[in-house]
Amino acid sequence: MVQLRLLGPVEIETDQGLSLALGAGRIRTVAALLISEVNQAVPVNRLIDLAWDGDPPARARGVIHNHVHRLRQLLAGHAELSTRGQGYVLLADPGSVDVHRFRSLVTGARDAEPRVTVSMLRQALGLWRGEALADVPGERVRKTLGTGLSQARLAALQELGGRLMLLGRYGELVTELAGWIVEHPLHEELTALLMRALQANGRQAEALDHYHRARRHLKDQLGIDPGPALSAAYLAVLGGGRGPAPAAAGRPKSAARNRAPAAPAHAGPEPERYVAPYVCDHRPGPPPRLAQLPPAVADFCGRDRELAVLDQYLERVPRPACLVLAGTGGAGKTTLAVQWAHRHKAEFPDGQLFADLRGFERPPMRPGTVLTAFLRALGVPEAEIPESVPEASALYRSLLAGRRMLVLLDNAGTPEQARPLLPVASGCLAVVTSRRRLSGLVVRDGAALVRVGPLTSQESLELLGNALGRQRVEADAAAAGALVERCDRLPLALRIAAARLMAHPEWSLACWTKKLADERRRLQELSAHDDLGVEACLYLSYRALSSAAARLFRFLGLHPGPCVEVQDAGVLAGRDVERTRRHLAELCDAHLLEEHAEGHYVRSEMVRIYAAQRVEAEEPQSARDQAVRRLLAHFAQHRGPSCR
């Protein structure tokens, strides 16, 4: 079986152990993309976009064809590389791809007994041969594919460290962590884990030395102070003693939780402990006041309506336990939530918890991971944190009882991801942001829904003026007005536009706004170099759709205007009205469409442009032609498109 490797330099090895000579250059990019999506068609346009970092030459399609031809020759007799529609697919056993084996081992390790988990995680991490895609040219492809893999590796490292800690194998953990931290000196959770392992091994001075070294790194390189995980570890080491006694080797956390943690060396009479399962007779000693909110944006402006709605919910009796801020990607939901939370910190004197759930990224944050972090922040010793999500959630809610805390859960993908993290205490409030409406939280959990749409035109101009200076905006008011509309009045797009203009003070607003009139380049122009942009936001929302809704979204890219009737959509997709209505509802839930009147849907200009790009990239020409013919015949019969 051929071996396909991405966890390091890109490599294809035959079943005889011979490495195929890929050569250098963009052929490695093409190979990496095909391997990463083995058995799935990769559109030629995606290969072109990533191979040339979004700026391809005119001959790009021919170059990709030549690279695919070369790969076919190399793989002959080992794997099949086929043409499928407007793209290519590499047909191979997923088990032959090191990325798939890595993820399979990590997933399987989660449910295994601790010793087996350690073995499986070591096997998974042993598949890495350095930085993922180390020899692939192009910044965009390394960020698109490599960033998620690197995060998954770090998550596996943390999981392995936690299991070694649970088993009491402190010396072994210290040895491994020292090497990991050399590779990731700014990773606070790894440093915190090393500090706890050193403390448990009786090496408090070394633990404090690692803290101060990490604090200097963070200040010198990022200009920030240590976060909650590192600060909590520092306070734990300062508390003295050898740390909490580990769970018995081989025993899962759920068994260890019922044992009282070992008292610190300086402690007096033993305090009251938890009474299993998860009902506290006495809360652990009060941790430092939690203040995990991200900083508020200094030039925040507008959103008076949304802020007033949030204030009204806060004043209601009874008050909802959860507020959901829902809107399209780039609408500024997080900025609004953080701004509002800072304004109301005084009403939650016991502090604030924050987590980015990464609900639309791969992989999303697991509720159990967030619960573990929250419980650590609330002062629960590592060995006392339950392993199962329901049990950890019950303990978390018990600890919040009687407290007045704000919990901000950013970027939730599903109700199930957020639900275990919701407090139930009357003095607490959860604020959840999402690109979806999270109707399950509204219906089942009594959450209140607050829609976050685009800014008003005046708010958009104010945001531009704050960034560029009012004089520059007022000097070309007509161009500024056109610019905010080309950005669909989305804060993210406006901030990227402002950043580009700030970097080029010699550019006039009129000149740059004229560039945005070219629909073929608008999304690219409104993207930052770190993959932060409107196109990336739309891609994450699009990727999360069901296959049927994604197909409908693509075909809507062939519709000529911003307004779509349900019958038009059904004709374009070649589906019946009832099925089309269900898929349109999913697009509305994802804020890719909005139903203004029953059966009548509108979308923003950039959503329309993105849909047009997707249908061209992913649907064959014949299917597009047939859809357009169906729509034209429908228009002719029903007097053309309309938006009532």
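Attention in this report is confined to the structure presented alongside it. (Residues numbered from 1 in each chain as written. Predicted model: local features only at pLDDT ≥ 70, side-chain atom pairs only at ≥ 80, totals over all residues. Heavy atoms only, no water.)

## Description of the overall build of the protein chain
At step 1: Looking only at helices and strands, one finds 29 helices and 16 strands in the protein chain.
At step 2: Along the first, second and third principal axes, the C-alpha set of the protein chain runs to 85 × 70 × 55 Å.
At step 3: Every one of the 644 residues in the protein chain was classed for burial, and the buried ones make up 49%.
At step 4: Contacts in the protein chain between residues at least 24 apart in sequence constitute 70% of all its contacts with a sequence separation of at least 6.
At step 5: Carbon and sulfur atoms make up 52% of the accessible area of the protein chain, which totals about 28600 Å². (Helix = DSSP H or I, 4+ residues; strand = E, 2+ residues; numbered from the N terminus. Buried < 20%, exposed > 50% of the residue type's maximum accessible area, 1.4 Å probe, protein only. Contact = heavy atoms within 4.5 Å. Areas by Shrake-Rupley, 256 points an atom, 1.4 Å probe, with all protein chains shown as cover.)

## Re unusual backbone geometry
At step 1: At Arg-358, a position not held by glycine, the phi torsion is positive, near 45 degrees.
At step 2: With respect to the helices, strands and loops of the structure, Arg-358 is situated in the loop between strand 10 (351-356) and helix 14 (367-377).
At step 3: Given a relative accessible area of 22%, Arg-358 falls into the partly exposed group.
At step 4: Located in the positive-phi region is Arg-489, a residue other than glycine, with phi close to 55 degrees.
At step 5: Tracing the chain through its elements places Arg-489 in the loop between helix 20 (477-486) and helix 21 (491-503).
At step 6: Owing to a relative accessible area of 25%, Arg-489 belongs among the partly exposed residues under this scheme.

## Re the nonpolar core
At step 1: In terms of nonpolar packing, the biggest core is built from 82 residues, with Val-10, Ile-64, Leu-71 and Phe-102 touching the most fellow members.
At step 2: Here the element with the most residues in this core is helix 6 (residues 139-166); it accounts for 10 residues.
At step 3: The residues touching Leu-71, leaving out its near neighbours within four places in the chain, are Leu-22, Ile-27, Val-30, Ala-31, Leu-34 and Leu-81.
At step 4: Counting residues in hydrophobic clusters, the runner-up holds 78 residues, among them Ala-331, Ala-497, Leu-501 and Tyr-542. (Core = buried A, V, L, I, M, F, W, Y, C linked by side-chain atoms within 4.5 Å.)

## A short note on helix 12 (residues 304-315)
Because each turn of an α-helix spans 3.6 residues, side chains separated by three or four positions in sequence point in the same direction.
At step 1: Taking 1.5 Å as the rise per residue, helix 12 with 12 residues should run 16 Å; its terminal C-alpha atoms sit 17 Å apart, in good agreement.
At step 2: For helix 12, the complete set of buried residues consists of Glu-306, Leu-307, Val-309, Leu-310, Tyr-313 and Leu-314. Down the axis of helix 12, the buried set is contained in an arc of 160 degrees. They therefore lie on one face. In helix 12, the exposed residues that point more than 90 degrees away from the buried face are Asp-304 and Glu-315.
At step 3: At its buried positions, helix 12 is contacted by strand 9 (322-326), helix 13 (333-343), strand 12 (429-434) and strand 13 (448-451). (Expected span 1.5 Å × (residues − 1). Arc of directions from axis to C-beta.)

## Concerning the packing of helix 9 (residues 204-222) against helix 10 (residues 228-238)
At step 1: Contact pair helix 9 / helix 10: the axes reach a minimum separation of 10 Å and the direction vectors enclose 150 degrees. Here helix 9 is positioned roughly antiparallel relative to helix 10, judged by the angle of their axes. Every pair of crossing elements has a handedness; the one defined by helix 9 and helix 10 is left-handed. Taken together, the residues of helix 10 that come into contact with helix 9 (itself represented by Gln-204, Ala-207, Leu-208, Tyr-211, His-212, Ala-214 and Leu-218) are Leu-230, Tyr-234, Val-237 and Leu-238.
At step 2: When its residues are assigned to classes, the contact of helix 9 with helix 10 shows 9 nonpolar, 2 polar and no charged. (Axes fitted to C-alpha atoms, helices over the stretch in contact; angles between N-to-C directions. Parallel < 35°, antiparallel > 145°, perpendicular 65-115°, else oblique. Left-handed = near helix turned anticlockwise from the far one by under 90°. Nonpolar A, V, L, I, M, F, W, Y, C, P; charged D, E, K, R; others polar.)

## Digging into the sheet that holds strand 9
At step 1: With parallel pairing, 6 strands are arranged side by side in an open sheet as 8-10-11-12-9-13. Strands with a single pairing partner mark the edges of an open sheet, and in this sheet they are strand 8 (290-291) and strand 13.
At step 2: In the sheet, strand 10 pairs with strand 11 (residues 406-410) via 5 bridges, with the strands oriented parallel. The residue of strand 11 that forms the bridge with Ala-355 is Leu-409.
At step 3: Contacts from helix 12 reach strand 9, strand 12 and strand 13, with the element oriented near 170 degrees to strand 13. (Pairing = 2+ DSSP bridges.)

## Let's talk about the side chain of His-591
At step 1: With respect to the secondary-structure elements, His-591 resides in the loop between helix 27 (577-589) and strand 15 (594-597).
At step 2: A relative accessible area of 15% places His-591 in the buried class.
At step 3: At 2.7 Å, the side chain of His-591 and the backbone oxygen of Arg-435 are in polar contact.
At step 4: Apart from residues lying up to four places away in sequence, His-591 is in contact with Ala-326, Gly-327, Thr-328, Arg-435, Arg-436 and Arg-437. (Polar contact = N/O pair within 3.5 Å; in protein donor to acceptor, adjacent residues only side chain to side chain.)

## Details of the pairing of strand 5 (residues 87-91)
At step 1: With 4 of 5 residues buried, strand 5 is to be regarded as a mostly interior element.
At step 2: Here 2 bridges tie strand 3 (residues 42-43) to strand 5, and the two strands are oriented antiparallel to one another. Looking at the pairing, Val-42 lines up with Tyr-88 of strand 5.
At step 3: Of the pairings in the sheet, the one linking strand 4 (residues 80-84) to strand 5 comprises 5 bridges and is antiparallel in character. Each bridged residue has a counterpart across the sheet, and for Glu-80 the counterpart in strand 5 is Leu-91.
At step 4: Taking the residues that link successive antiparallel strands as the turn, the strand 4-strand 5 hairpin has 2 residues, and the phi of Gly-85 there is positive, at about 60 degrees.

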